[in-house]
Amino acid sequence: MTATESLIEAADAHSAHNYHPLPVVVATADGAWMTDVEGRRYLDLLAGYSALNFGHRNRRLIDAAKAQLERVTLTSRAFHHDRFAAFCAELAELCGMEMVLPMSTGAEAVETAVKTARKWGYRVKGVPAEMAKIVVAGGNFHGRTTTVISFSTDPEARADFGPYTPGFAIVPYGDLTAMREAMTENTVAVLLEPIQGESGVIVPPEGYLPAVRELARERNVLFVADEIQSGLGRTGRTFACEHEGVVPDMYVLGKALGGGVVPVSAVVSSAEVLGVFRPGEHGSTFGGNPLACAVALEVLAMLRTGEFQARAAELGEHLRRELAALVGTGRVTEVRGRGLWAGVDIARAYGTGREVSEKLMERGVLVKDTLPHSLKGAGGAPRATIRIAPPLMIGKEDLDWGLAQLRGVLGA
Ligand SMILES: *Cc1c(COP(=O)(O)O)cnc(C)c1O
């Protein structure tokens, strides 16, 4: 048995099988590259679902983490610590907002957004007790907690996990009429991904996000943008909402905010909205801890330079041109995305998304199929979709090499 095989067998024996990873066992990583236990190198075109926007072990982030490790790592929020104020102020500033509520994982931040919107609804909007409704979109991915899967449309994410949390209305993504009809006087928020990542990098029709923004304003409903995967440079702007000039009432952030080093998430909003909380009403032992704040402060400093956004925009143009050429050959049926983020539908003759991912792995490129395979594509055939989302600092030559491997797998 190879080292890879025995490590995978041991993992399978002692871990819950809630994932189906590609058969590669990573030992080290640097920048856009990972090396497995047998010394094989792989180009990382997934980047931890955007948690690694700045690359593996980015020097600035590792230095910031190391410096903080030598000072203080955890206080709990029972006490103040000296990195907290700067983290909140600088994150609020990046978002053009006033207040921050830090958590650790994305799902916790979404839960926080749901609780915030409900409380705002009761305390500020005046919704009768227990009546608050939140409108979400079909095909969404907002995490894995019991409440969050209560408003998922993915049967695999939901089955056997009920009873579900009430208070959500699900409308088709991109359908403004359905959104308008779903809103009642008890609606407190609409929660949307400005681009749906897990569903296959679905970009809504142009004008949809601004129209939702306007509708939410008219109806006194909070527009909550889950930018956990789309935000912090991925699309060529700091936030995906910016592409359509939209400013939500609340950002939900995670993934890249922790620089691929520690989990850091947050809800960012106005003082009117986040001001609803009083001590004891919400919290987390790890949210806003000193190590998390130190790393995130460095992430914020890197984002302020604009270089990652510019790079994602520029290299993203190149990525899209190259992928468009594959659509021309019929090997790829559709490409969607913005910046360094693409959903690539592979013609079914080349196998499932999983099979294409495995063939790419054999050539030294790591990607993942994105679509929950329970969802069906047009004509009833399951879509074979892979997501290309490299670290934003990837070299153009490396990206081109990765794309050459994709062409190789597709016989182009
Ligand atoms: C990953 C993701 C989440 C959940 O984040 P976790 O850190 O895995 O809990 C929520 N929303 C979106 C859009 C995501 O991509």
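Residues numbered from 1 in each chain as written. Predicted model: local features only at pLDDT ≥ 70, side-chain atom pairs only at ≥ 80, totals over all residues. Heavy atoms only, no water.

Peer 1: Report on the layout of surface pockets, specifying residues and quantitative values.
Peer 2: The volume enclosed by the second largest pocket comes to roughly 520 Å³. Forming the walls of the second largest pocket are 20 residues, and the residues nearest its centre are Arg77, Phe84, Leu101, Pro102 and His282. For the lining of the second largest pocket, the element with the highest residue contribution is strand β4 (residues 99–103), accounting for 4 residues. The class makeup of the residues in the lining of the second largest pocket is 10 nonpolar, 8 polar and 2 charged. (1 Å grid on protein atoms, 1.4 Å probe; cavity = no way out; pocket = protein on both sides within 12 Å on 5 of 7 lines; lining within 4 Å. Points joined across faces, edges and corners; volume = space filled by probe spheres on them. Helix = DSSP H or I, 4+ residues; strand = E, 2+ residues; numbered from the N terminus. Nonpolar A, V, L, I, M, F, W, Y, C, P; charged D, E, K, R; others polar.)

Peer 1: Tell me about empty space enclosed by the protein, and please be specific about residues and values.
Peer 2: Per the stated rule, a full pass over the model turns up 2 cavities of 30 Å³ or more. Taken as a whole, the largest cavity spans an internal volume of roughly 50 Å³. In this structure, the largest cavity is lined by Pro194, Ile195, Val203, Pro204, Leu209, Ala240, His243, Glu244 and Arg338. Tallied by class, the residues present in the lining of the largest cavity amount to 6 nonpolar, 1 polar and 2 charged. Taken as a whole, the second largest cavity spans an internal volume of roughly 40 Å³. As for the second largest cavity, its lining consists of Leu45, Leu360, Val365, Val367, Ile386, Ile388, Gly402, Leu403 and Leu406.

Peer 1: Provide a residue-level description of the domain arrangement of the chain, including the pertinent values.
Peer 2: Each assigned domain of the chain is listed with its residue range as follows: domain 1 (3–57 + 307–409) and domain 2 (71–304). If you average the C-alpha positions of domain 1 and of domain 2, the two centres end up 26 Å apart. In this assembly, 33 residues from domain 1 lie in contact with 31 residues from domain 2. For the pair domain 1 and domain 2, the summed buried surface comes to about 2,600 Å²; carbon and sulfur atoms form 57% of the total. Counting the surface domain 1 buries against domain 2, the share from its top three residues, Gln309, Arg338 and Trp341, is 30%. (Domains from an automatic or database assignment. Contact = heavy atoms within 4.5 Å. Buried area = accessible area lost by both parts, 1.4 Å probe.)

Peer 1: Go over the packing of aromatic side chains, please, and point to the residues and values.
Peer 2: By the definition in use, this model includes 5 aromatic pairs. Judged by centre distance (4.9 Å) and plane angle (85°), the ring pair of Phe54 and Phe308 falls under edge-to-face. On the criterion of sequence distance, the pair formed by Phe54 in the loop between α2 (47–50) and α3 (59–69) and Phe308 in helix α12 (residues 307–328) is long-range, its members being 254 residues apart. With relative accessibility at 1%, the residue Phe54 sits in the buried group. (Phe/Tyr/Trp six-rings, centres within 6.5 Å; stacked < 30°, edge-to-face > 60°. Buried < 20%, exposed > 50% of the residue type's maximum accessible area, 1.4 Å probe, protein only.)

Peer 1: Summarise the site of the ligand; cite the residues concerned and give the values.
Peer 2: All residues adjacent to the ligand are Thr105, Gly106, Ala107, Phe141, His142, Gly143, Glu193, Asp226, Ile228, Gln229 and Lys255. When isolated, the ligand has an accessible area of 390 Å², and the protein chains bury 81% of it. Residues that form the shell around the ligand fall into these classes: 3 nonpolar, 5 polar and 3 charged. (Near = heavy atom within 4 Å. Areas by Shrake-Rupley, 256 points an atom, 1.4 Å probe, with all protein chains shown as cover.)

Peer 1: With reference to specific residues and values, describe the sheet that holds strand β3 (residues 41–44).
Peer 2: If you trace the 4 strands from one edge of the open sheet to the other, you get β1-β2-β3-β13, paired in mixed fashion. One side of each edge strand has no neighbouring strand; the edge strands of this open sheet are β1 (26–30) and β13 (365–366). Summarising the sheet, β1 and strand β2 (residues 33–36) pair through 4 bridges and their orientation is antiparallel. Within the sheet, the bridge partner assigned to Asp30 lies in β2 and is Trp33. (Pairing = 2+ DSSP bridges.)

Peer 1: Tell me about the packing of α12 against helix α14 (residues 396–409), residues and numbers included.
Peer 2: Two numbers describe how α12 lies on α14: the axes approach to 11 Å, and their chain directions differ by 20°. Judged by the inter-axis angle, α12 sits roughly parallel to α14. Crossing geometry of α12 relative to α14 is assigned as right-handed. In contact with Arg311, Leu315, His318, Leu319, Glu322, Leu323 and Leu326 of α12, α14 contributes Lys396, Leu399, Asp400, Leu403, Leu406 and Arg407. (Axes fitted to C-alpha atoms, helices over the stretch in contact; angles between N-to-C directions. Parallel < 35°, antiparallel > 145°, perpendicular 65-115°, else oblique. Left-handed = near helix turned anticlockwise from the far one by under 90°.)

Peer 1: Before we move on, could you go through the sheet that holds strand β15 (residues 384–388) and cite the residues and values that matter?
Peer 2: Taken in spatial order, the 4 strands of this open sheet run β11-β12-β15-β14, and their pairing is antiparallel. In the strand order of this sheet, the two ends are held by β11 (332–337) and β14 (368–369), each with one partner. Sheet contacts for α12: β11, β12 (342–346) and β15; angle to β11, the most-contacted strand, approximately 160°.

Peer 1: Please set out the pairing of β2 residue by residue, giving values where relevant.
Peer 2: The loop that links β1 with its antiparallel partner β2 comprises 2 residues; one of these, Gly31, has a positive phi angle of about 65°. With 3 bridges joining them, β2 and β3 adopt antiparallel strand pairing. Directly across from Thr35, in β3, lies its bridge partner Arg41. Turn length for the β2-β3 hairpin, with the two strands adjacent in sequence and antiparallel, is 4 residues, and the turn residue Gly39 shows positive phi of about 85°.

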